[in-house]
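# Notes for the structure review
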Amino acid sequence: MPLALRRPLPPITAAIAPPSAVMLYLDDFCGALCQPLVRAGQRVRRGEPVGASSCGAQVHASVSGVVRAVGSSALVIENDGRDTPDRRIAPLACLEDVPREPLIQRLPQLGLLTYDLSPLPQKLQPCHALALAVLSDADFCLFQVFARQIFGGIRALATLLRPRRLLLYYDPKRAPAAETARLLKFPGELQTVDGRCPQLAQRLAGRSLERGVTLGDLGLLVFSPQGAAALWDAIYLGEPYLRMGVVIAGEKRRTRTVCTVPLGTSVAHILAQAHLSAPTVLLGSQETGRILRDPTTPLNKGDTLLTCLGGV
């Protein structure tokens, strides 16, 4: 992030050691559970499918190791520390050197989510509009830290889908997002959204959405910074959704800490590695977050913000 575009207190990045185990929810974010594809005692590689649903969504091992438990809604993988990748993971040297259609067809299976936490639709074409939304504090922190991967992911998907419109939506309080987009030559329109009432769906679709209809169903894909960075991993590195950026905030801390962890890492491990503690931890913001009752709870794809209350 160029110094000229940083806020007085930019996010702090923390190095987090890999957890000894991860717990992966067998949830495809469609209201249905994935069926496990592995059994207890089985050895898995990082990126290997461990669950699949009837609609094509998949859950992948975020670490390599041994499956220790398989339940109806989650499974546990003991980390062997080797980070052995699945044989199907193949990085791209150049996006223009690969067939376009097979890559597009593979993307929905990689666990990628849009801004409303819906999985990529099975039919990615036609794609009428592609947007990046930077509307919350957590969005902006991740945007600052992973700007190049975020823009790279959006550019790559736009190259594949060729949408008619490419948009950046940002809260007026986060004008540096637009400045960064101009500096990195974001190839699209920059639009401001009132953070108090974004109404992103109505602005993009031009109307209210009926129950059960998502923007993706209409060919309008909106990504958070987290999702856009995952696009980079999926398209250029060939990896499914295996890691996530987590923002740690606090009522007494003006700065934000950002770390990257494997999917399924527990909150207790993250806070211990970041040398932070608090009597109360919220999953989400201080205004809308929910109290974390069990610190061993693993983070899911939508849990990008931890708020520590009364801690240091």
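Everything here concerns the structure above.
What you see is a predicted model; the values in this text were computed from it and never measured.

Looking now at the packing of helix H2 (residues 137-145) against helix H3 (residues 147-161). Where H2 meets H3, the closest approach of the two axes is 5 Å, and the angle between their N-to-C directions is 95°. Viewed along their axes, H2 and H3 adopt a mutual orientation that is roughly perpendicular. Counting all contacts with H2, which are made through Leu142, Phe143, Gln144 and Val145, the residues of H3 involved are Ala147, Ile150 and Phe151. Partitioned by chemical class, the residues of the contact of H2 with H3 number 6 nonpolar, 1 polar and no charged.

Looking at the secondary structure, you find asparagine 79 in strand S8 (residues 74-79). Distance from asparagine 79 to leucine 160, taken between C-alpha atoms, is 35 Å for residues 81 residues apart in sequence. In this structure the side chain of asparagine 79 is engaged in a polar contact, spanning 3.0 Å, whose partner is the backbone oxygen of proline 19.

Paired through backbone hydrogen bonds, the strands of a sheet run either parallel or antiparallel to each other. Here we have 4 strands laid out as an open sheet, ordered S2-S8-S7-S4, and antiparallel in their pairing. If you trace the sheet from one side to the other, it starts and ends with strand S2 (21-25) and strand S4 (43-44), each paired once. With 2 bridges joining them, S4 and strand S7 (residues 65-70) adopt antiparallel strand pairing. The partner of valine 44 across the bridge, within S7, is glycine 65.

This part takes up the sheet that holds strand S5 (residues 49-52). Strands sit in the order S3-S5-S6 across an open sheet of 3 strands; the sheet is antiparallel. Edge positions in the sheet fall to strand S3 (35-36) and strand S6 (58-60), since each has one partner strand and no second.

The subject of this paragraph is the nonpolar core. Within the largest apolar cluster, 79 residues are counted, with the highest numbers of intra-cluster contacts made by Ile77, Leu107, Leu112, Leu132, Phe223 and Leu306. With 9 residues, the single largest contributor to this core is H3. Core analysis: the second largest hydrophobic core is formed by 12 residues, Ala129, Ala131, Leu135 and Leu220 among them.

Moving on, we get to the pattern of salt bridges. For the structure shown, the criterion picks out 12 salt bridges. Note that glutamate 78 and arginine 68 form a salt bridge whose closest N and O atoms lie 2.4 Å from each other. With glutamate 78 in strand S8 and arginine 68 in strand S7, the pair connects residues that are 10 residues apart, well separated along the chain. Between aspartate 303 and arginine 290 there is a salt bridge whose closest N-O contact spans 4.0 Å. With aspartate 303 in the loop between strand S16 (290-291) and strand S17 (305-309) and arginine 290 in strand S16, the pair connects residues that are 13 residues apart, well separated along the chain. Among the residues examined, aspartate 303 registers a relative accessible area of 14% and is labelled buried. One continuous salt-bridge network, built from bridges that share partners, spans Arg46, Asp83 and Glu239.

On to the packing of aromatic side chains, then. Geometry of an aromatic ring pair is reported as the spacing of the ring centres plus the angle between the planes. Under the criterion given, the structure shown has 4 aromatic pairs. Between phenylalanine 140 and phenylalanine 143, the aromatic rings sit 6.4 Å apart at their centres with planes inclined by 15°, giving stacked as the arrangement. With phenylalanine 140 and phenylalanine 143 both in helix H2 and 3 residues apart, this pair spans about one turn of that helix. For the pair tryptophan 232 and tyrosine 236, a centre-to-centre distance of 4.6 Å together with 45° between the ring planes defines the contact as tilted. Separated by 4 residues within a single helix, tryptophan 232 and tyrosine 236 lie in helix H6 (residues 225-237), roughly one turn from each other. Here the aromatic residues Phe140, Phe143, Phe151 and Phe186 are joined through ring pairs into a cluster of three or more.

Taking 1.5 Å per residue as the helical rise, H6 with its 13 residues ought to reach 18 Å, and the 17 Å between its terminal C-alpha atoms agrees with that figure. Extensive coverage of H6 is indicated by the burial of 10 of its 13 residues. Looking at the buried residues of H6, the elements they touch are helix H1 (100-106), strand S9 (129-134), H2, H3, strand S12 (220-223) and strand S13 (243-250). Among the residues trailing H6, glycine 238 stands out with phi positive, at a value near 75°.

Let's shift gears to the pairing of strand S15 (residues 280-283). Judged from the 4 bridges that link them, S15 and S17 form a sheet pairing that is antiparallel. Bridge pairing links leucine 283 to leucine 306 in S17. Pairing analysis gives 2 bridges linking S15 to S16, with the strands arranged antiparallel. Residue pairing across strands places leucine 282 opposite isoleucine 291, the latter belonging to S16. Between S15 and S16, which pair antiparallel and follow one another directly, the connecting turn spans 6 residues, one of which, glycine 284, has a positive phi of 120°.

For any two helices packed against each other, one specifies the inter-axial angle together with the distance between the axes. In the contact formed by H3 and H6, the axes pass within 7 Å of each other and the chain directions differ by 65°. Seen from above, H3 lies across H6 with left-handed handedness. Across the interface between the two elements, Gln149, Ile150, Gly152, Gly153, Ile154, Ala156, Leu157 and Leu160 of H3 pack against Pro225, Ala228, Ala229, Leu231, Trp232, Ile235 and Tyr236 of H6. Grouping the constituent residues of the contact of H3 with H6 by class yields 12 nonpolar, 3 polar and no charged.

The rules behind the values
- Residues numbered from 1 in each chain as written.
- Predicted model: local features only at pLDDT ≥ 70, side-chain atom pairs only at ≥ 80, totals over all residues.
- Heavy atoms only, no water.
- Axes fitted to C-alpha atoms, helices over the stretch in contact; angles between N-to-C directions.
- Helix = DSSP H or I, 4+ residues; strand = E, 2+ residues; numbered from the N terminus.
- Parallel < 35°, antiparallel > 145°, perpendicular 65-115°, else oblique.
- Contact = heavy atoms within 4.5 Å.
- Nonpolar A, V, L, I, M, F, W, Y, C, P; charged D, E, K, R; others polar.
- Polar contact = N/O pair within 3.5 Å; in protein donor to acceptor, adjacent residues only side chain to side chain.
- Pairing = 2+ DSSP bridges.
- Core = buried A, V, L, I, M, F, W, Y, C linked by side-chain atoms within 4.5 Å.
- Buried < 20%, exposed > 50% of the residue type's maximum accessible area, 1.4 Å probe, protein only.
- Salt bridge = Lys/Arg side-chain N within 4 Å of Asp/Glu carboxyl O.
- Phe/Tyr/Trp six-rings, centres within 6.5 Å; stacked < 30°, edge-to-face > 60°.
- Expected span 1.5 Å × (residues − 1).
- Left-handed = near helix turned anticlockwise from the far one by under 90°.

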